[in-house]
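Chain and residue survey
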Amino acid sequence: MAIGTALSEPPKIYRFAQSKYIDSVRWLPPISALDRLAVIAVFDSDSDSSSIQIHSFTQDPSPNLTPDSQWDSPSRVSSLTASQFKHKSLVAAAAFSGSLHVLLTDAMDPSSFESELSLPEKALHDGPIACVDVMDCGLECVTVGEDGRVNLVSLGESELSYRRIFDSSGLVSFTSAKWASPSEFATGGFGFSLQWWDQRKPGGAVSQFKGDWNQRASGIVHSIDIHPSRKHTCLAGGSLGTVFAWDLRWPQQPLLLSGVGSGEASCSPCESDVWEVQYDPYVKSSNVGNVSSRILPTMICSEDGILAVVEQGEEPIELSAEPCAINSFDIDQQYPSDVIYSLEWESIAILTRP
Amino acid sequence: MPGVESNSGERSLVPYSLELPHPVVHSIHHGLKPPIARLSISWSLGNTLRVSVLRPPSDEDSDDGEVGGKVVEVKLSNDDGENSDATWRRIAYGSVTPFAHLQSRRSTISNLSNMSLSPSPYSIDWWEYVMEYSKDINSLLGSLDSGPDPVIDDPKMVLKRTEEPTSIKAAWELMEIFYADKQSQPWQLERLVDWLADYDSLLSSTHPTVHSKLVDFQNELSSLQVIEDDPKYWDVLSSALAVGWIDIVVKMLRLHGSYQLHQLGNRETENGLVEAVAVLISKKPRMRPGVEDGKLGECFKAKPDFIKAWENWRAQITKLDCSGFWLQCDHHQTREGLKNMIQVMLGNIDSLCVETCHWIELFISHFLYVRPLKVGLESMYGLVQKCLQLKPMLGAHRLIDIILGILGENTEVVLAECSRAFGPWMVAHAIELLTTGSDHAESLLHEERNNLGGISIAELHRLVYAQVLSSHALTWQIAPIYLSSCMKQGMGLLEILLSKLPTEHNETLLKNIEICRLYELDTVSSNIMKIAGVYHWKHGRKGCGVFWLQQARDEVRLTRIAQHLFDSVGKSISDESFKQWEGLIELLGSESKTTGGLDFLHKYRDFKKSLKQVRDGKTTDAAHQAVESLISLMKNPSTPRCFWLPLLHDSLKLLNWQERPLLNVSQTDLLLNKLQELSMAKLRPDFIEADLPSEALSCVRLALASNLGRAILEE
C-alpha cells in the first residue's frame, strides 16, 4: 500500500464516539453563516431502532458535536442525501425496507425538522432502495435498487409522486445513482457497470459501460459523482480499491485512477471496497493548463479505513488511516477544508485541513 | 415440561444460575391461549434467548382462529452495573489496535529469535511492549481526571471530586503493577498506595472505608464552627494519614482553628505543634522517582538514600513525641489527636488497626509506616493473612479475590476471578499481563492441554472472547483479529464464523468477503459468493445472482442457470423487451469460461442487433454480419437446441436475400444438417416445441433449399 505524499501540515482530526452505528453522514447545506450542521443516519443496535439526527458542530471552546434534533425512521437507512431547497435543507433518506422519506428543516430553526413526506414500502422498489439522489434544485430525486427499477420521485407541496422510468425485473441491479443535469443522470451497478440515462430519451439507458480491465475478478460500483462543470464525465468508486472515470465522449476508454487491476498497484491508496467518492474542491489540481481532459482531484473512503485524495497521474494523498472502515464521508461545500466521516466503530470524525 | 406453569396469562421462566443469590424472574408475554404443548428455548444472536411457544396441533374441525405458536425473543442484558453494552463495545473497539500491535510484535520477535541461536536481545524489553499495551488498554477503561483545577482553591474542599472510578480499571491497574510494570518495581509499594488512593471509594459500596469517612466529613465540614473540637476531625485525620493521603491530611490540618489570625496570639504553642506535625507529614520520605506537581513528600530513587532519610524522619518524629511543648498545649483534643497521628507515623500497630477500616487499608498502612521497603510476594501474602485476621471484611468486593489471587501468586485464581467479575474481554486481554509476570505463569497459560482439546488456556480464553464478539452484529468484524492470533483452532473457527454470516445484507456480504481476502480464505469466500448468488437468483435478482456466481466461478450453477435463462429468453426476448436484457447480457460478457454457456446470450444479442439493422432496411454489410453471427451461433455447442428453429426462422429474410445468396454451399449444408437433427429430435419424448407457427420448419427448409440451389449456381 502506498503511503501518500506528506502534507506540509497534517490535518486535525476530531473523533466523536456515538455508541450507535452510523449508517451515513452528510453536511447540511449552510442556511445561516453561524450554523455548522450535519445530518446523520443512526442505527441503535441495543433497541433495534433507526433515526435521522441533526448535529451541530461547534469549535468554541473545544470542538464538539452535539445532537439537536431527531426523527425516528421506521427502518434502517440505506442511503442519505442532503441538499438545499427554498432556504431550507432537504434531507432524503431511503430505507432498507424500501420506503423513502423526504424531510425538510424548519426555516426559522435549521437544526430541527419541520415536515416529512414519505412513500411507503413496496411502492418504489421491491426490497431495499440502494441509493437516492436529489437534483440540485431539490425538485426531483432518483431512486435505484437491486430489483432493477429506476424511479423518479417529484416533490409536491404535500405529497411525493413517482414514476417508474425503467424496470429490468431483476435482470440488472443498480447500486448507485447521481444526477448530471435536470434531465440526465447516471447509475452504477454490478460488474463495474455504469449507465447513462436521459429523460428525453425514454425506454432505457442511453449509453452503458462495463469495466473489464481485471480479468480475475470483477466488482461493484458503490458510489458515483459528477462534477457540475464536467457533466460528460462520470466518476465511480467500487470494489478492490477501484476508482475510475467514464467519459461519455469516449465511452469505451475508461480511465482507471486507482485499483487492484490498474497494473500500477503502487498508485492505489487502498485495496478494499471504496465506499464513497466525491470530487474534492479543496485540493487544487496541479495541472491547470490542461483543464478539460484531466480528471479533477477526488476524495475516497474505504473499507480498510483510508480517507485519501486521488488525482490522475499524481501520488495519492492519504488524509487519514483509521483502524476500522470509513463507511461514508462528506466534504463541506462551504468550507471545503472540512470533511465529516463515519467510522465502523460507532463514531464520527471531523477532519480539518490546514 | 420445564418452566411452564399452569396458571393462565403469564408464564415464568427461571434461569438456572449457580452464582446469583436471587434467581431473576423474567415474565414473557406471548399472548397465546392455553394449553401450551411445547416450549423450546435456544440462544439467538448475542444475549438474546429465543423462546418458541407451541400449542398442541389443533383438530381439523376446531377453528378457533388461534395461531399454532409464537416465537418470542428475550433480550437479556449483561448489566454489570458499571458498563453498559455500548461501553463494552467501545472498549472492544479500542482494544483491537493495542492487541493486534502486541501480537505482531510477538511474532516479529519469535521470528527473530528463531533465526539467531543466541538469546534474543529483544526479549529483555518484552515487558516494555506489554507496558505500552497495558497503558493503551488502561486509557480505555475510563479516566481519573478530575477535570481542570478550579481557579479559586476552596480550602474546605479536602476531597477532590473525581469521576467515579471503575472496578475494571482498578483490577487492570493492579495487574499492571504486579505483572507488567518492571520499571517501577522498586517503588511498587508507593504504586499500591496510589492505587488505594484512587480506588478506595470503590470498596465503599460494600464496606466502610477511609474514603467514605472522608466523604461524610466533607459533607459536614461547612457547618462546623470550631473544627478542632470535633472528635471526627481528628479521627478522619489519623485515618487518612494511616493510608498515606498526606496531601489531604496537611490541607485538613491547616484548617485547624489556631491558624486563624485572631487566635494566633493565645494559641501559639498549640499552633506550633500542629504546624510541626504538618511539616513532618509533608516531609515524609517516599521511595519513588517523583510526585506529581503540588503533591507532598520527599522522593528518593535509591534505597540507601531513602533508608537514611527514613531513619532521620523517624528520629524527628520521636523527638517531637518527647517534646516538652505537649504539656503547654491546653487544647485537649488537639493534643490527643496529634499524639495519635504521631503514633500512626511511628507505625504503632494498634493505632494503625484502629484508624483503618478494612484489611487492604491496614495492609497499605503497614508498608507506609512499619516496613517501608519492598518485600517479596511471599512475605506480602503472609502480611495479608495477618491483616485479614485483624480486619476481616464482611461483604466481599469483586476486586478482593483478585487481589488475594495476585498476592497468593495463584494465576488460575486471578484468571477465574477476572472472568467471574469482568467477563471474557478482561480475561482475553489480561492474559498478556499475566504471562509477562513470571515464567511459571507463562508456561501455565501457554501450555497445550489435552483436556482443552490440545489448546492452551490463553488460546481458550481468546476463543471465548472471539465468540462473544462474533455474536453481535456490530462487533463480529473484530473477532477475526482475535481468532487469527489463535494458533490451533482460530482459523477453523474463523472459517465457520465467516461462512455462517447472513448474506442478504449487501454491505455485510462485502465486508465478509473483504475479510476472506485479508486472511486468504479463498474457498470460504467463493462459498459465500455462491450462497449469495443463489440467494439473489432465487429472489428474482437475476443479474445480481449471475454476478456472484461468476465471481465464485461456479460453472455448475451457471450452466443450470443458463438453462433457466434460455427458457425465459426464448419467451421474452422480443425486440421491445430487449432493452431489459441489454444490461444483463453486458454483465455476462463474452468470455465463455466464467459464464457457463451464457456467452450464447452475448452472441445472440449481436445477432439480434444486426438482424434489426437489416430489417430497418440497412446495408448488405449488416446482412453479412448477421449471417456470420448466425453461423457462429449454430456452430457453437453451447447454443441450446431449442433455439435452433427460432434462430433460423428469424433469419428467413437472410436466407431469401434478393440480390444474391448470402450463405455459401458449406454454410447452407451446416444449417440443413442442423435442421435434419432437429427433425430427428422431434421424435424424442423430451423435445420441447418452439412457440412458432406450425409451418415454420417447412418454411425454413424451403428457404434453405432454394438458397442452396442459388449458391451452387453462383459457385
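Residues numbered from 1 in each chain as written. Chains lettered and ligands numbered in written order. Predicted model: local features only at pLDDT ≥ 70, side-chain atom pairs only at ≥ 80, totals over all residues. Heavy atoms only, no water.

Okay, the overall build of chain B next. A tally of helices and strands in chain B yields 33 helices and 7 strands. Looking at chain B residue by residue over its 715 residues, the buried ones come to 47%. Sequence-distant contacts, at least 24 apart, represent 62% of the contacts inside chain B between residues at least 6 apart. When the accessible area of chain B is evaluated, it comes to approximately 35600 Å², of which 54% is carbon and sulfur surface. (Helix = DSSP H or I, 4+ residues; strand = E, 2+ residues; numbered from the N terminus. Buried < 20%, exposed > 50% of the residue type's maximum accessible area, 1.4 Å probe, protein only. Contact = heavy atoms within 4.5 Å. Areas by Shrake-Rupley, 256 points an atom, 1.4 Å probe, with all protein chains shown as cover.)

So, on to the packing of helix 18 (residues 424-437) of chain B against helix 20 (residues 457-470) of chain B. Residues and elements named next belong to chain B. Where helix 18 meets helix 20, the closest approach of the two axes is 8 Å, and the angle between their N-to-C directions is 145°. As helix 18 runs across helix 20, the sense of the crossing is left-handed. Listed contacts from helix 20 to Pro 424, Trp 425, Val 427, Ala 428, His 429, Ile 431 and Glu 432 of helix 18 are Ile 457, Ala 458, His 461, Arg 462, Val 464, Tyr 465 and Val 468. (Axes fitted to C-alpha atoms, helices over the stretch in contact; angles between N-to-C directions. Left-handed = near helix turned anticlockwise from the far one by under 90°.)

So, on to the pairing of strand 19 (residues 230-238) of chain A. Residues and elements named next belong to chain A. Burial of strand 19 is extensive: 7 of the 9 residues sit out of reach of the surface. Of the strand pairs in this sheet, strand 18 (residues 221-227) and strand 19 are connected by 5 bridges, and their pairing is antiparallel. Its bridge partner being in strand 19, His 227 is matched across the sheet by Arg 230. Linking two consecutive strands that pair antiparallel, namely strand 18 and strand 19, is a turn of 2 residues. Sheet topology places strand 19 next to strand 20 (residues 242-247); 6 bridges connect them, and they run antiparallel. In the sheet register, Thr 233 faces strand 20, and the bridge partner there is Asp 247. Linking strand 19 back to strand 20 in an antiparallel pair, the connection comprises 3 residues, with Leu 240 at a positive phi of about 55°. (Pairing = 2+ DSSP bridges.)

This part is about the interface of chain B and chain A. Listed as interface residues are 37 residues of chain B and, on the opposing side, 41 residues of chain A. Between chain B and chain A, a total of about 3500 Å² is buried, with carbon and sulfur atoms accounting for 53% of that surface. The partner of B:Lys511 in a salt bridge is A:Glu303, with the nearest N and O atoms 2.9 Å apart. On the surface where chain B and chain A come into contact, there are 14 residue pairs in polar contact (both at pLDDT 80 or more). Those elements giving two or more residues to the side of chain B that touches chain A turn out to be helix 1 (85-115), helix 23 (506-518), helix 25 (542-551) and helix 27 (578-588) of chain B. With 8 residues, the top contributor of residues to the side of chain B that touches chain A is helix 27 of chain B. In the side of chain B that touches chain A, the residues fall into 12 nonpolar, 11 polar and 14 charged. (Buried area = accessible area lost by both parts, 1.4 Å probe. Salt bridge = Lys/Arg side-chain N within 4 Å of Asp/Glu carboxyl O. Polar contact = N/O pair within 3.5 Å; in protein donor to acceptor, adjacent residues only side chain to side chain. Nonpolar A, V, L, I, M, F, W, Y, C, P; charged D, E, K, R; others polar.)

Residues and elements named next belong to chain B. Structurally, Gln 625 can be placed in helix 29 (residues 620-635). Judged by its relative accessible area of 46%, Gln 625 is partly exposed. Distance from Gln 625 to Gln 389, taken between C-alpha atoms, is 102 Å for residues 236 residues apart in sequence.

Turning our eyes to something else, we now look at the sheet that holds strand 19 of chain A. Residues and elements named next belong to chain A. An order of 18-19-20-21 is seen for the 4 strands of this open sheet, with the pairing classed as antiparallel. Looking at the sheet topology across the chains shown, the edges are occupied by strand 18 and strand 21 (255-258). The average undirected angle you get between the axes of adjacent strands in this sheet is 25°. Across 3 bridges, strand 20 lies against strand 21 in antiparallel orientation. Counterpart to Ala 245 in the pairing with strand 21 is Leu 255.

Right, let's talk about the side chain of A:Ser272 for a bit. Structurally, the position occupied by A:Ser272 is in the loop between strand 21 and strand 22 (274-279). Only 3.0 Å separates the side chain of A:Ser272 from the backbone nitrogen of A:Asp304, close enough to count as a polar contact. In this structure, A:Ser272 is in contact with A:Gly238, A:Leu240, A:Gly241, A:Ser302, A:Glu303, A:Asp304, B:Glu514 and B:Arg517, ignoring residues within four places of it in sequence.

All names here are of chain A. Within the open sheet, the 4 strands sit side by side as 14-15-16-17. Their pairing is antiparallel. Both edges of this open sheet fall to strand 14 (174-179) and strand 17 (207-210), since each of them pairs with a single strand only. Averaged over all pairs of adjacent strands, the angle between their axes in this sheet comes to 15°, without regard to strand direction. When strand 15 (residues 184-189) meets strand 16 (residues 193-198), the two strands line up antiparallel, connected through 6 bridges. Within strand 16, the residue paired with Gly 189 across the bridge is Ser 193.

The next point concerns the packing of aromatic side chains. Given two aromatic rings, their pairing is described by the distance between the two centres and the angle made by the two planes. Scanning all chains against the criterion turns up 26 aromatic pairs over all chains. With a centroid separation of 6.1 Å and an interplanar angle of 10°, the aromatic rings of A:Phe185 and A:Trp197 are classed as stacked. Placement of the pair is A:Phe185 in strand 15 and A:Trp197 in strand 16, with a sequence separation of 12 residues. The residues A:Phe185 and A:Trp197 share a single accessibility class, namely buried. A cation sits over an aromatic face here: A:Arg36 above A:Trp27, 5.1 Å from the ring centre. The positively charged end of B:Lys542 is found above the aromatic ring belonging to B:Trp537, 5.7 Å away from the centroid. (Phe/Tyr/Trp six-rings, centres within 6.5 Å; stacked < 30°, edge-to-face > 60°. Lys NZ or Arg CZ within 6 Å of the ring centre and 35° of its normal.)

Moving on, we get to the environment of A:Ala321. Residue and element names in this part refer to chain A. Within the secondary structure, Ala 321 sits in strand 25 (residues 317-321). For the pair Ala 321 and Ala 308, spaced 13 residues apart in the sequence, the C-alpha separation amounts to 8.6 Å. Residues in contact with Ala 321, not counting those within four places in the same chain, are Gly 305 and Ile 306.

Taken as a whole, chain B is organised into domain 1 (29-57 + 67-76), domain 2 (186-199 + 208-373) and domain 3 (554-714). Centre-to-centre, using C-alpha coordinates, domain 1 of chain B lies 63 Å away from domain 2 of chain B. (Domains from an automatic or database assignment.)

Residue and element names in this part refer to chain B. Averaged over all residues, the pLDDT of chain B equals 81, while 86% of them reach at least 70. When mean pLDDT is compared element by element in chain B, helix 21 (residues 479-483) scores highest at 94, while strand 1 (residues 11-13) scores lowest at 42. Below pLDDT 50 for its whole length, residues 1-17 participates in 32 contacts with residues either more than four positions away or in separate chains. Confidence over residues 117-122 falls short of pLDDT 50; this stretch has 3 contacts with residues more than four positions distant or in other chains. Note on the complex model: pTM 0.84, ipTM 0.92. (pLDDT = per-residue confidence, 0-100.)

Below, the discussion takes up the nonpolar core. Residues and elements named next belong to chain B. Counting 170 residues, the largest nonpolar core has Leu 253 and Trp 548 as the members making the most contacts within it. Counting residues per element, this core draws most heavily on helix 3 (residues 167-180), which supplies 10 residues. In terms of nonpolar packing, the next biggest core, distinct from the first, is built from 56 residues, Ile 561, Met 634, Leu 647 and Trp 657 among them. (Core = buried A, V, L, I, M, F, W, Y, C linked by side-chain atoms within 4.5 Å.)

Moving on, we get to the side chain of A:Ser181. As for its position among the elements, A:Ser181 is in the loop between strand 14 and strand 15. The class for A:Ser181 is buried, based on a relative accessible area of 10%.

Another aspect to go through is the pattern of salt bridges. Using the criterion set out here, one finds 40 salt bridges over all chains in the structure. A salt bridge links A:Arg163 to A:Glu140; the shortest N-O distance between them is 3.6 Å. Remark: A:Glu140 occurs in strand 11 (residues 140-145) and A:Arg163 occurs in strand 13 (residues 160-167); sequence separation between them is 23 residues. Salt-bridge contacts for B:Lys511 lead to A:Glu344; the nearest nitrogen and oxygen are separated by 2.7 Å. Taken together, the residues B:Lys511 in helix 23 and A:Glu344 in the loop between strand 27 (338-343) and strand 28 (347-352) connect one chain to another. Across the pair, A:Glu344 and B:Lys511 agree in class, each one buried.

Attention now goes to unusual backbone geometry. The residue after A:Asp60, namely A:Pro61, is reached through a cis peptide bond having omega 0°. Its location among the elements puts A:Pro61 in the loop between strand 4 (49-58) and strand 5 (64-73).

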